[in-house]
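What follows is each chain in one-letter form.
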Amino acid sequence: MFVTFEGIDGSGKSTQAELLRESLVREGRDVVAVREPGGTPLGEAIRRLLLEGAGPTSAWAEASLFAAARAELVERVIRPALELGTDVVCDRYVDSSLAYQGAARGLGVERVLELSLAATGGLLPDSTFLLLVDPIEADRRLGARRDRIEREGQDFRARVDRGYRELVGRFPDRLVALDGARPPGTIAEEIRERVRERS
Ligand code: ADP
Ligand code: TYD
(Lines give C-alpha, C1' and ligand atoms only; values in the text may rest on other atoms or scores of the structure.)
(Ligands and ions follow the chains in the order given, each with its own letter.)
Protein backbone atom coordinates (compact mmCIF):
# COMPACT_ATOMS: atom_id res chain seq x y z
CA MET A 1 0.00 0.00 0.00
CA PHE A 2 1.33 3.40 -1.03
CA VAL A 3 -0.03 6.38 0.98
CA THR A 4 0.97 10.02 0.61
CA PHE A 5 0.26 13.16 2.64
CA GLU A 6 -0.32 16.56 1.09
CA GLY A 7 -1.18 20.09 2.13
CA ILE A 8 0.26 23.57 2.44
CA ASP A 9 3.28 24.09 4.71
CA GLY A 10 2.16 23.87 8.33
CA SER A 11 -0.98 21.84 7.53
CA GLY A 12 0.20 18.96 9.75
CA LYS A 13 1.38 16.47 7.08
CA SER A 14 4.56 15.38 8.83
CA THR A 15 2.65 14.89 12.10
CA GLN A 16 0.02 12.69 10.40
CA ALA A 17 2.56 10.74 8.32
CA GLU A 18 4.41 9.83 11.53
CA LEU A 19 1.18 8.90 13.39
CA LEU A 20 0.12 6.62 10.51
CA ARG A 21 3.57 5.02 10.36
CA GLU A 22 3.48 4.30 14.11
CA SER A 23 -0.01 2.86 13.90
CA LEU A 24 0.85 0.54 10.97
CA VAL A 25 4.02 -0.63 12.76
CA ARG A 26 1.98 -1.35 15.92
CA GLU A 27 -0.22 -3.62 13.80
CA GLY A 28 2.87 -5.53 12.74
CA ARG A 29 3.11 -4.19 9.18
CA ASP A 30 6.43 -3.41 7.48
CA VAL A 31 6.55 0.30 6.74
CA VAL A 32 8.98 2.57 4.95
CA ALA A 33 8.45 6.27 5.67
CA VAL A 34 10.00 8.86 3.36
CA ARG A 35 9.66 12.54 2.62
CA GLU A 36 10.00 14.60 -0.53
CA PRO A 37 12.27 15.97 -1.72
CA GLY A 38 14.83 13.61 -0.18
CA GLY A 39 15.22 10.01 0.89
CA THR A 40 18.20 9.23 -1.39
CA PRO A 41 21.69 10.79 -1.54
CA LEU A 42 20.81 12.64 -4.78
CA GLY A 43 17.39 13.60 -3.40
CA GLU A 44 18.91 15.11 -0.24
CA ALA A 45 21.42 17.08 -2.36
CA ILE A 46 18.54 18.35 -4.53
CA ARG A 47 16.60 19.23 -1.35
CA ARG A 48 19.46 21.45 -0.24
CA LEU A 49 19.68 23.07 -3.71
CA LEU A 50 15.95 23.75 -3.73
CA LEU A 51 15.27 24.83 -0.18
CA GLU A 52 18.47 26.44 1.08
CA GLY A 53 20.13 29.54 -0.31
CA ALA A 54 18.91 31.28 -3.46
CA GLY A 55 17.43 28.21 -5.21
CA PRO A 56 16.48 28.20 -8.91
CA THR A 57 15.08 31.30 -10.60
CA SER A 58 13.32 29.43 -13.39
CA ALA A 59 10.06 27.74 -12.38
CA TRP A 60 10.75 24.89 -14.84
CA ALA A 61 14.18 24.37 -13.29
CA GLU A 62 12.45 24.12 -9.91
CA ALA A 63 9.82 21.65 -11.23
CA SER A 64 12.51 19.56 -12.94
CA LEU A 65 14.60 19.33 -9.77
CA PHE A 66 11.59 18.15 -7.75
CA ALA A 67 10.88 15.61 -10.54
CA ALA A 68 14.51 14.41 -10.52
CA ALA A 69 14.43 13.85 -6.75
CA ARG A 70 11.12 11.96 -7.14
CA ALA A 71 12.46 9.77 -9.97
CA GLU A 72 15.39 8.71 -7.79
CA LEU A 73 13.19 8.07 -4.73
CA VAL A 74 10.73 5.94 -6.72
CA GLU A 75 13.43 3.88 -8.42
CA ARG A 76 15.64 3.33 -5.39
CA VAL A 77 13.21 3.22 -2.47
CA ILE A 78 9.47 3.25 -3.21
CA ARG A 79 9.17 0.63 -5.99
CA PRO A 80 11.54 -1.86 -4.34
CA ALA A 81 9.60 -1.54 -1.05
CA LEU A 82 6.20 -1.98 -2.72
CA GLU A 83 7.51 -5.02 -4.62
CA LEU A 84 8.41 -6.63 -1.26
CA GLY A 85 4.90 -5.94 0.05
CA THR A 86 6.10 -3.18 2.39
CA ASP A 87 3.78 -0.21 3.00
CA VAL A 88 5.16 3.14 1.93
CA VAL A 89 4.14 6.37 3.67
CA CYS A 90 5.40 9.47 1.88
CA ASP A 91 5.28 13.05 3.16
CA ARG A 92 4.52 14.90 -0.16
CA TYR A 93 4.56 13.42 -3.68
CA VAL A 94 3.26 14.40 -7.16
CA ASP A 95 0.38 16.53 -5.87
CA SER A 96 2.91 18.90 -4.27
CA SER A 97 4.37 19.58 -7.71
CA LEU A 98 0.88 19.99 -9.17
CA ALA A 99 -0.18 22.51 -6.48
CA TYR A 100 3.12 24.42 -6.05
CA GLN A 101 4.66 24.37 -9.53
CA GLY A 102 1.59 23.59 -11.67
CA ALA A 103 -0.93 25.89 -9.99
CA ALA A 104 0.90 28.42 -7.78
CA ARG A 105 3.90 29.01 -10.08
CA GLY A 106 1.58 28.88 -13.11
CA LEU A 107 3.30 26.12 -15.12
CA GLY A 108 0.01 24.29 -15.65
CA VAL A 109 -1.22 21.25 -13.76
CA GLU A 110 -1.38 19.01 -16.87
CA ARG A 111 2.16 19.77 -17.99
CA VAL A 112 3.61 19.25 -14.51
CA LEU A 113 1.62 16.01 -14.17
CA GLU A 114 3.14 14.78 -17.45
CA LEU A 115 6.64 15.57 -16.18
CA SER A 116 6.02 13.81 -12.88
CA LEU A 117 4.45 10.74 -14.48
CA ALA A 118 7.41 10.47 -16.84
CA ALA A 119 9.78 10.71 -13.86
CA THR A 120 7.99 8.06 -11.80
CA GLY A 121 7.05 5.60 -14.56
CA GLY A 122 3.43 6.49 -13.86
CA LEU A 123 3.45 5.47 -10.19
CA LEU A 124 0.56 7.09 -8.31
CA PRO A 125 -0.34 6.44 -4.65
CA ASP A 126 -3.24 4.19 -3.61
CA SER A 127 -4.46 6.96 -1.28
CA THR A 128 -3.49 10.56 -0.73
CA PHE A 129 -4.63 12.47 2.36
CA LEU A 130 -4.92 16.19 1.75
CA LEU A 131 -4.98 18.19 5.00
CA LEU A 132 -6.99 21.36 4.53
CA VAL A 133 -6.10 24.21 6.88
CA ASP A 134 -6.69 27.92 6.48
CA PRO A 135 -3.42 29.39 5.07
CA ILE A 136 -3.28 32.01 7.85
CA GLU A 137 -3.59 29.31 10.54
CA ALA A 138 -0.95 27.18 8.77
CA ASP A 139 1.37 30.17 8.65
CA ARG A 140 0.87 30.76 12.37
CA ARG A 141 1.75 27.11 13.08
CA LEU A 142 5.01 27.40 11.16
CA GLY A 143 6.36 30.17 13.39
CA ALA A 144 9.95 31.15 12.54
CA ARG A 145 10.94 27.78 11.01
CA ARG A 146 10.90 28.46 7.25
CA ASP A 147 12.72 27.18 4.15
CA ARG A 148 12.97 29.09 0.86
CA ILE A 149 9.51 28.13 -0.38
CA GLU A 150 7.93 28.65 3.05
CA ARG A 151 9.23 32.24 2.97
CA GLU A 152 7.00 32.99 -0.07
CA GLY A 153 4.18 35.37 0.87
CA GLN A 154 0.53 34.87 1.81
CA ASP A 155 -0.52 35.26 -1.88
CA PHE A 156 1.59 32.31 -2.92
CA ARG A 157 0.27 30.20 -0.04
CA ALA A 158 -3.31 31.04 -1.03
CA ARG A 159 -2.57 29.96 -4.64
CA VAL A 160 -1.11 26.65 -3.41
CA ASP A 161 -4.19 26.14 -1.22
CA ARG A 162 -6.54 26.78 -4.17
CA GLY A 163 -4.42 24.51 -6.37
CA TYR A 164 -4.77 21.66 -3.87
CA ARG A 165 -8.54 22.16 -3.52
CA GLU A 166 -8.91 21.94 -7.32
CA LEU A 167 -7.00 18.66 -7.40
CA VAL A 168 -9.70 16.94 -5.32
CA GLY A 169 -12.13 17.15 -8.26
CA ARG A 170 -9.48 15.86 -10.64
CA PHE A 171 -8.56 12.76 -8.64
CA PRO A 172 -11.72 11.92 -6.67
CA ASP A 173 -10.84 8.25 -6.08
CA ARG A 174 -7.30 8.77 -4.86
CA LEU A 175 -7.42 12.11 -3.04
CA VAL A 176 -9.17 12.34 0.34
CA ALA A 177 -9.56 15.89 1.64
CA LEU A 178 -9.67 16.17 5.44
CA ASP A 179 -10.34 19.01 7.85
CA GLY A 180 -6.84 19.62 9.23
CA ALA A 181 -8.00 22.15 11.84
CA ARG A 182 -9.05 19.38 14.26
CA PRO A 183 -6.73 17.94 16.96
CA PRO A 184 -3.99 15.64 15.57
CA GLY A 185 -5.38 12.51 17.31
CA THR A 186 -8.85 12.99 15.79
CA ILE A 187 -7.43 13.41 12.28
CA ALA A 188 -5.17 10.37 12.77
CA GLU A 189 -8.15 8.21 13.76
CA GLU A 190 -10.06 9.18 10.64
CA ILE A 191 -7.02 8.47 8.46
CA ARG A 192 -6.47 5.07 10.07
CA GLU A 193 -10.13 4.20 9.48
CA ARG A 194 -9.96 5.26 5.83
CA VAL A 195 -6.73 3.31 5.27
CA ARG A 196 -8.41 0.23 6.73
CA GLU A 197 -11.40 0.62 4.39
CA ARG A 198 -9.10 0.91 1.41
CA SER A 199 -6.64 -1.90 2.14
P1 ADP B 1 3.76 20.15 7.81
O2 ADP B 1 4.56 18.88 7.72
O3 ADP B 1 2.50 20.10 7.02
O4 ADP B 1 4.55 21.41 7.52
P5 ADP B 1 3.79 19.69 10.69
O6 ADP B 1 3.23 18.33 10.90
O7 ADP B 1 5.29 19.85 10.74
O8 ADP B 1 3.23 20.30 9.30
O9 ADP B 1 3.08 20.68 11.71
C10 ADP B 1 3.41 22.08 11.76
C11 ADP B 1 3.22 22.58 13.20
O12 ADP B 1 1.83 22.50 13.56
C13 ADP B 1 3.96 21.74 14.24
O14 ADP B 1 4.39 22.59 15.26
C15 ADP B 1 2.91 20.77 14.75
O16 ADP B 1 3.15 20.36 16.06
C17 ADP B 1 1.63 21.61 14.65
N18 ADP B 1 0.47 20.78 14.32
C19 ADP B 1 0.41 19.65 13.57
N20 ADP B 1 -0.84 19.18 13.47
C21 ADP B 1 -1.64 20.04 14.16
C22 ADP B 1 -3.06 20.11 14.45
N23 ADP B 1 -3.90 19.19 13.96
N24 ADP B 1 -3.50 21.13 15.19
C25 ADP B 1 -2.64 22.08 15.66
N26 ADP B 1 -1.31 22.08 15.45
C27 ADP B 1 -0.80 21.08 14.70
P1 TYD C 1 8.59 19.92 3.21
O2 TYD C 1 9.72 18.99 3.38
O3 TYD C 1 7.22 19.39 3.34
O4 TYD C 1 8.79 21.10 4.20
P5 TYD C 1 8.28 21.11 5.70
O6 TYD C 1 8.27 19.70 6.23
O7 TYD C 1 9.28 22.00 6.34
O8 TYD C 1 6.88 21.68 5.60
O9 TYD C 1 8.61 20.55 1.75
C10 TYD C 1 9.57 21.39 1.31
C11 TYD C 1 9.01 22.48 0.43
O12 TYD C 1 9.06 22.07 -0.95
C13 TYD C 1 7.58 22.87 0.71
O14 TYD C 1 7.51 24.29 0.80
C15 TYD C 1 6.82 22.43 -0.53
C16 TYD C 1 7.85 22.41 -1.61
N17 TYD C 1 7.61 21.42 -2.68
C18 TYD C 1 7.28 21.87 -3.96
O19 TYD C 1 7.18 23.08 -4.21
N20 TYD C 1 7.10 20.94 -4.96
C21 TYD C 1 7.23 19.60 -4.75
O22 TYD C 1 7.05 18.79 -5.68
C23 TYD C 1 7.56 19.16 -3.41
C24 TYD C 1 7.73 17.70 -3.13
C25 TYD C 1 7.75 20.10 -2.42
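The structure we're discussing is the one just above.
Every value quoted in this text rests on a predicted model; they were computed, and no experiment measured them.

> Which parts of the structure should I look at to understand the nonpolar core?
In globular proteins that are soluble, nonpolar side chains generally tend to be buried together. One finds Leu98, Tyr100, Val160, Tyr164 and Leu167 to be the most contacted residues of the largest nonpolar core, which totals 26 residues. Elements with a minimum of two residues in this core: helix 2 (41-51), helix 3 (59-83), helix 4 (94-104), helix 5 (109-120), strand 4 (127-132) and helix 7 (154-170). Those residues in contact with valine 160, other than ones at most four positions away along the chain, are Ile8, Ala99, Tyr100 and Ala104. Within the second largest apolar cluster, 14 residues are counted, among which are Ala17, Leu20, Leu24 and Ile187.

> Would you mind going over the environment of valine 89 with me for this structure?
Inspection of the secondary structure puts valine 89 in strand 3 (residues 87-91). Linking valine 89 and isoleucine 78, residues eleven residues apart in sequence, is a C-alpha distance of 9.2 Å. In contact with valine 89, not counting residues within four places along its chain, are Val3, Phe5, Ala17, Leu20, Leu24, Val31, Val32, Ala33 and Val34.

> Would you mind going over helix 1 (residues 13-26) with me for this structure?
The α-helix winds at 3.6 residues per turn, so residues separated by three or four positions along the chain end up facing the same way. Taking 1.5 Å of rise per residue, the 14 residues of helix 1 would be expected to cover 20 Å, and the 20 Å separating its terminal C-alpha atoms lies within 8% of that figure. For helix 1, the set of buried residues is Lys13, Gln16, Ala17, Leu20, Ser23 and Leu24. Across the axial projection of helix 1, the buried residues extend over an arc of 130°, all falling on one side. On its buried face, helix 1 sits against strand 1 (2-6), strand 2 (31-35), strand 3, strand 4 and helix 8 (184-198). Looking at the residues trailing helix 1, positive phi occurs at glycine 28, about 85°.

> Any chance you could explain the packing of aromatic side chains here in plain terms?
The geometry of an aromatic ring pair comes down to the distance between the two centres and the angle between the two planes. If you walk through the whole model with that rule in mind, you get four aromatic pairs. Geometrically, the ring pair formed by phenylalanine 5 and phenylalanine 129 is tilted, given 5.8 Å between the ring centres and 35° between the ring planes. With phenylalanine 5 in strand 1 and phenylalanine 129 in strand 4, this pair connects stretches of sequence that are 124 residues apart. In this pair, the class of phenylalanine 5 matches that of phenylalanine 129, namely buried. Arranged with centres 6.1 Å apart and planes meeting at 55°, the rings of tyrosine 100 and phenylalanine 156 form a pair that is tilted. A residue pair is termed long-range when its members are at least 10 positions apart, and tyrosine 100 in helix 4 and phenylalanine 156 in helix 7 qualify at 56 residues. Considered together, tyrosine 100 and phenylalanine 156 belong to a single accessibility category, that of buried residues.

> Whenever I open this one, the site of ligand 2 confuses me. Can you help?
Lining the immediate environment of ligand 2, one finds 16 residues, of which Arg47, Arg92, Ser97, Gln101 and Glu150 sit closest. Separating an oxygen atom of ligand 2 from a side-chain N or O atom of aspartate 9 is a distance of 2.9 Å. Measuring from an oxygen atom of ligand 2, one finds a side-chain N or O atom of arginine 92 at 2.7 Å. For the shell around ligand 2, the elements supplying multiple residues, two or more each, are helix 2, helix 3 and helix 4.

> How do you make sense of the site of ligand 1 when you look at a structure like this?
With respect to spatial proximity, 15 residues lie near ligand 1, and among them Gly10, Lys13, Ser14, Thr15 and Arg182 are the closest. Within the side chain of threonine 15, a nitrogen or oxygen atom sits 2.5 Å from an oxygen atom of ligand 1. About the coverage of ligand 1: the protein hides 71% of its 560 Å² of free accessible area. Sorting the residues of the shell around ligand 1 by element identifies helix 1 and helix 8 as the ones contributing at least two each. Broken down by element, the residue count for the shell around ligand 1 peaks at three residues, all from helix 1. By residue class, the composition of the shell around ligand 1 is four nonpolar, six polar and five charged.

Conventions used here
Residues numbered from 1 in each chain as written. Chains lettered and ligands numbered in written order. Predicted model: local features only at pLDDT ≥ 70, side-chain atom pairs only at ≥ 80, totals over all residues. Heavy atoms only, no water. Core = buried A, V, L, I, M, F, W, Y, C linked by side-chain atoms within 4.5 Å. Buried < 20%, exposed > 50% of the residue type's maximum accessible area, 1.4 Å probe, protein only. Helix = DSSP H or I, 4+ residues; strand = E, 2+ residues; numbered from the N terminus. Contact = heavy atoms within 4.5 Å. Expected span 1.5 Å × (residues − 1). Arc of directions from axis to C-beta. Phe/Tyr/Trp six-rings, centres within 6.5 Å; stacked < 30°, edge-to-face > 60°. Near = heavy atom within 4 Å. Polar contact = N/O pair within 3.5 Å; in protein donor to acceptor, adjacent residues only side chain to side chain. Areas by Shrake-Rupley, 256 points an atom, 1.4 Å probe, with all protein chains shown as cover. Nonpolar A, V, L, I, M, F, W, Y, C, P; charged D, E, K, R; others polar.

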